[in-house]
Amino acid sequence: KKKKGGSTMNLLVFGFFIVIATILGLGMYVGSRVKDLEDYYVMKRQGSTLLIAGTFFATIVSGAAAVGGFGLAYKHGLVIYTWGWGAVWGMSLTLLLTAVPIRAYAEQYNALTLVDFFKDRYNSSSLAILAAVVSVIGLMGYFTAQIMGLGTVVQVLTGLPYGLVIVLSGGVILLMTYMGGSKSVIVTDTLCMFIFIIAVLFYPLYVMPKVGGFQAF
């Protein structure tokens with residue numbers, strides 16, 4: 001039994017790093033084909049419905065929802081996922097009220113970032129700086145949650161110190177984002193969406209017996 005458990009864990013570790021290597025390779029390949037700043041920042045405004053849905057899916061169902069959500073569900077029961085209904089409706093409403101008009105203005109002023117939008121729309125460098133600061137502060141919590149989620153998974157699989165894993169994970173993500181821009185992120189997010197869907201469909205067969213079955217929830 002120990003040998004079987006060890007073999008299963010080795011297989012999981014191997015599969016995990018194969019997935020990570022595939023994502024990094026795809027991200028670097030897409031990044032190498034970026035042609036200009038518009039392609040780098042907004043994918044030339046030509047992202048397909050599948051790609052936009054993929055990056056939106058990966059943004060919501062990520063480290064916070066997958067790693068954190070599963071842990072909370074095990075501790076408190078499946079009722080914890082009721083927060084998802086509010087999150088989906090809240091994000092959808094936000095997109096309808098803000099993203100649609102902002103995109104229209106961005107195309108009108110040829111803005112590539114929110115900072116560009118505020119600077120050109122209101123002709124104010126001070127407002128642009130404020131927008132940059134607010135964006136960094138606002139996304140810091142989200143980025144931290146993603147890094148912690150990835151760090152937890154890598155630590156469990158490899159046994160490496162948590163602090164080292166956090167630094168390495170954050171460094172890899174920042175490097176890939178810097179090299180490939182939004183085009184790289186959107187494409188790899190879409191790949192992650194399919195990987196996650198496949199994993200959710202099949203991994204319960206392995207996990208559920210080890211946590212006491214559905215009655216444990």
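It should be emphasised that the depicted structure is a prediction, and the values quoted were computed from it without experimental measurement. (Residues numbered from 1 in each chain as written. Predicted model: local features only at pLDDT ≥ 70, side-chain atom pairs only at ≥ 80, totals over all residues. Heavy atoms only, no water.)

1. Remarks on the overall build of the protein
Applied cut-off: Think of it this way: any DSSP run of H or I at least four residues long counts as a helix, any run of E at least two long counts as a strand, and we number them from the N terminus. We call two residues contacting when some pair of their heavy atoms lies within 4.5 Å. Note on areas: Shrake-Rupley with a 1.4 Å probe; residue coverage comes only from the protein chains shown.
Along its length, the protein carries nine helices and zero strands. Starting at the N terminus and walking to the C terminus, you meet the elements of the protein as α-α-α-α-α-α-α-α-α. Within the protein, contacts between residues separated by at least 24 positions form 66% of all contacts whose residues are at least 6 apart in sequence. Surface exposure of the protein reaches about 14,300 Å², of which carbon and sulfur atoms provide 73%.

2. Regarding the packing of aromatic side chains
Rules: Under the pairing criterion, centres of Phe, Tyr and Trp rings, with the six-membered ring standing for Trp, must be within 6.5 Å; the plane angle then separates stacked pairs below 30 degrees from edge-to-face pairs above 60, leaving the rest tilted. Relative accessibility thresholds used throughout: buried, under 20% of the residue-type maximum; exposed, over 50%; partly exposed, between the two (1.4 Å probe, protein chains only).
Summed over the entire model, instances satisfying the criterion amount to six aromatic pairs. A ring pair is formed by phenylalanine 117 and phenylalanine 118, whose centres lie 5.1 Å apart and whose planes are at 70°; its orientation type is edge-to-face. Note on phenylalanine 117: relative accessible area 6%, which makes it buried. You can call phenylalanine 118 partly exposed: its relative accessible area is 25%. Of the aromatic side chains, those joined through ring pairs into one cluster are Tyr105, Tyr109, Phe117, Phe118 and Tyr122.

3. Examining a nonpolar patch on the surface
Stated formally: Like charges are joined within 9 Å and nonpolar side chains (Val, Leu, Ile, Met, Phe, Trp, Tyr) within 5 Å, but only among residues with over 30% relative accessible area and no salt bridge; these make up the patches. Salt bridges, as used here, are contacts in which a Lys or Arg side-chain nitrogen is within 4 Å of a carboxyl oxygen on Asp or Glu.
A cluster of nonpolar side chains, contributed by Ile197, Ile198, Leu201, Phe202 and Leu205, occupies part of the molecular surface with about 560 Å² of accessible area. Here the nonpolar patch gets four residues from one element, more than from any other, and that element is helix H8 (residues 162-202). With respect to the helices and strands, isoleucine 197 occurs in helix H8.

4. Quick notes on the packing of helix H3 (residues 49-60) against H8
As a reminder of what qualifies: Fitted lines through C-alpha atoms give the axes, limited to the stretch in contact for helices. The angle between two N-to-C directions lies from 0 to 180 degrees. Throughout, the term roughly parallel applies to angles under 35 degrees, roughly antiparallel to angles over 145, roughly perpendicular to angles from 65 to 115, and oblique to all others. For a crossing to be left-handed, the near helix must be turned anticlockwise from the far one by less than a right angle; the clockwise case is right-handed.
The geometry of H3 relative to H8 is characterised by a closest axis approach of 7 Å and an angle of 65° between their N-to-C directions. Regarding the angle of H3 to H8, the classification is roughly perpendicular. Read as a crossing pair, H3 and H8 show a hand that is left-handed. Each of Leu50, Leu51, Ala53, Gly54, Thr55, Phe57 and Ala58 in H3 lies in contact with H8, whose residues at this interface are Ile186, Val187, Asp189, Thr190, Met193, Phe194, Phe196 and Ile197.

5. Topic: the side chain of lysine 183
As for its position among the elements, lysine 183 is in helix H8. Owing to a relative accessible area of 18%, lysine 183 belongs among the buried residues under this scheme. Those residues in contact with lysine 183 that lie beyond four places of it in its chain are Val30, Arg33, Val34, Asp39, Tyr40 and Met43.

6. With respect to unusual backbone geometry
Of note, arginine 45 is a non-glycine position whose phi angle comes to about 60°, a positive value. Within the fold, arginine 45 resides in the loop between helix H2 (37-42) and H3. Positive phi outside glycine occurs at asparagine 110, with the angle close to 55°. With respect to the secondary-structure elements, asparagine 110 resides in the loop between helix H5 (83-109) and helix H6 (114-122).

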